[in-house]
Each structure stands twice: as C-alpha cells, then as structure tokens.
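The residues making up each chain are set out below.
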Amino acid sequence: MTHEERMREMEEMDHDPMTDNPEIAKFISLAEKEAEKITEELKNSRRKWWWKIFPFMEPPNFEMGWCHRLWFEKQRILKEKYGIDWKSPRDRYPKVKFD
C-alpha cells in the first residue's frame, strides 16, 4: 500500500458516515459533547485516585485507551436518549487497533 493510499484510508476512518445525515448529525454532536464530559470526569477521578495511592510517583499516561470509553459513552447516550444505533470506529473497522 502506498503512502497516499494509507492516508486516504485514514481519512475515511476519521469520517463518520452517519454525520452525512443532518438530522442524525445534530444528535451525534450532542452525544459527543456529553460523552466527552463524562469521560473527562472519569479521567480526573482516576488521576485523583492515583495521587492518593501513589503521591510519590508520576502518574501513567491517562490519555491512552480513553477513545474506547468515549465511544462507549457516546454509543450509550445515542441509543438511550435518541434511539440511534451508532457504530464506533472500532465497530466499523474491527481489524484496526485503536489506542
């Protein structure tokens, strides 16, 4: 695969086809904002927990892997609040490993 082909493939993965529908896109945007808030709160609580247990150590990178939590929350919110079955990038591209 050429560099150009790989870049095109990555751009395709970045695009959520459900956002092409303006009716659904507004709900996806609302759910994403809510999911980001929930995920950030959880990250902060993990950081606080780390410092209570290990005040003498630098915390690990709390950014790795959080995309999965964000997608879980977004998927849950879309289903529960709006009845939308949203597919995360992990669902759409099962052969790709996301951090």
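Preceding block: the structure.
These numbers were taken from a predicted model, which means no experiment stands behind them. (Residues numbered from 1 in each chain as written. Predicted model: local features only at pLDDT ≥ 70, side-chain atom pairs only at ≥ 80, totals over all residues. Heavy atoms only, no water.)

Trainee: Please explain the overall build of the chain as it appears in this structure.
Mentor: Summing up its helical and strand segments, the chain has four helices and zero strands in all. Reading the secondary structure of the chain in the N-to-C direction produces α-α-α-α. Taken over C-alpha atoms, the radius of gyration comes to 17 Å for the chain, far larger than the 13 Å a tight globule of 99 residues would show. Scored against the burial criterion, the 99 residues of the chain give a buried share of 21%. When the accessible surface of the chain is summed, it comes to about 7500 Å², and 56% of that surface belongs to carbon and sulfur atoms. For the chain, the distance from the average position of its 20 positive side-chain charges to the average position of its 21 negative side-chain charges is 6 Å. (Helix = DSSP H or I, 4+ residues; strand = E, 2+ residues; numbered from the N terminus. Rg over C-alpha atoms; globule rule 2.2 N^0.38 Å. Buried < 20%, exposed > 50% of the residue type's maximum accessible area, 1.4 Å probe, protein only. Areas by Shrake-Rupley, 256 points an atom, 1.4 Å probe, with all protein chains shown as cover. Lys, Arg positive; Asp, Glu negative; His and termini not counted. Charge placed at Lys NZ, Arg CZ, Asp CG, Glu CD.)

Trainee: Explanation requested: the side chain of Ser88 in the structure shown.
Mentor: Here Ser88 shows up in the loop between helix H3 (66-82) and helix H4 (89-92). Owing to a relative accessible area of 5%, Ser88 belongs among the buried residues under this scheme. Not counting residues within four places of it along the chain, the set of residues in contact with Ser88 comprises Trp71 and Gln75. (Contact = heavy atoms within 4.5 Å.)

Trainee: Looking at this structure, how should I read the layout of surface pockets?
Mentor: Empty space among the atoms can be located by rolling a probe the size of a water molecule over them. In this structure, the largest pocket occupies an estimated 210 Å³ of space. In terms of lining residues, the largest pocket is bounded by 13 residues, among which Met13, Asp14, His15, Pro89 and Arg92 are the most central. Sorting the residues of the lining of the largest pocket by element identifies helix H1 (3-14), helix H2 (22-53), H3 and H4 as the ones contributing at least two each. Top contributing element to the lining of the largest pocket by residue count: H1, with three residues. (1 Å grid on protein atoms, 1.4 Å probe; cavity = no way out; pocket = protein on both sides within 12 Å on 5 of 7 lines; lining within 4 Å. Points joined across faces, edges and corners; volume = space filled by probe spheres on them.)

Trainee: In this structure, what is going on with the nonpolar core? I would like to understand it.
Mentor: Soluble globular proteins tend to pack their nonpolar side chains together in the buried interior. Listed in full, the 10 residues of the largest apolar core are Ile28, Ala31, Ala35, Cys67, Leu70, Trp71, Ile77, Leu78, Ile84 and Trp86. Among the elements of the structure, H2 and H3 are those that each provide at least two residues to this core. With five residues, the top contributor of residues to this core is H3. (Core = buried A, V, L, I, M, F, W, Y, C linked by side-chain atoms within 4.5 Å.)

Trainee: What is the right way to read H2 from this model?
Mentor: The periodicity of an α-helix, 3.6 residues per turn, causes residues three or four positions apart to be oriented the same way. With 32 residues, H2 extends 46 Å from end C-alpha to end C-alpha; this agrees with the ideal 46 Å at 1.5 Å per step. Residues of H2 that are buried: Ile28, Ala31, Ala35, Thr39, Lys43 and Trp50. Each element contacted by the buried residues of H2 is listed here: H3. At the N-terminal end of H2, a side-chain oxygen is found 2.9 Å from the backbone nitrogen of Glu23, two or three residues along, and the residue is Asn21. (Expected span 1.5 Å × (residues − 1). Polar contact = N/O pair within 3.5 Å; in protein donor to acceptor, adjacent residues only side chain to side chain.)

Trainee: Please clarify how the packing of H2 against H3 should be interpreted in this entry.
Mentor: For any two helices packed against each other, one specifies the crossing angle of their axes together with the interaxial distance. Put simply, H2 and H3 touch, their axes get as near as 8 Å, and they point 135 degrees apart. Classified by the angle their axes make, H2 and H3 are oblique. Once H2 is placed against H3, the crossing between them reads as right-handed. Along the lines of polarity and charge, the residues of the contact of H2 with H3 split into 12 nonpolar, one polar and 10 charged. (Axes fitted to C-alpha atoms, helices over the stretch in contact; angles between N-to-C directions. Parallel < 35°, antiparallel > 145°, perpendicular 65-115°, else oblique. Left-handed = near helix turned anticlockwise from the far one by under 90°. Nonpolar A, V, L, I, M, F, W, Y, C, P; charged D, E, K, R; others polar.)

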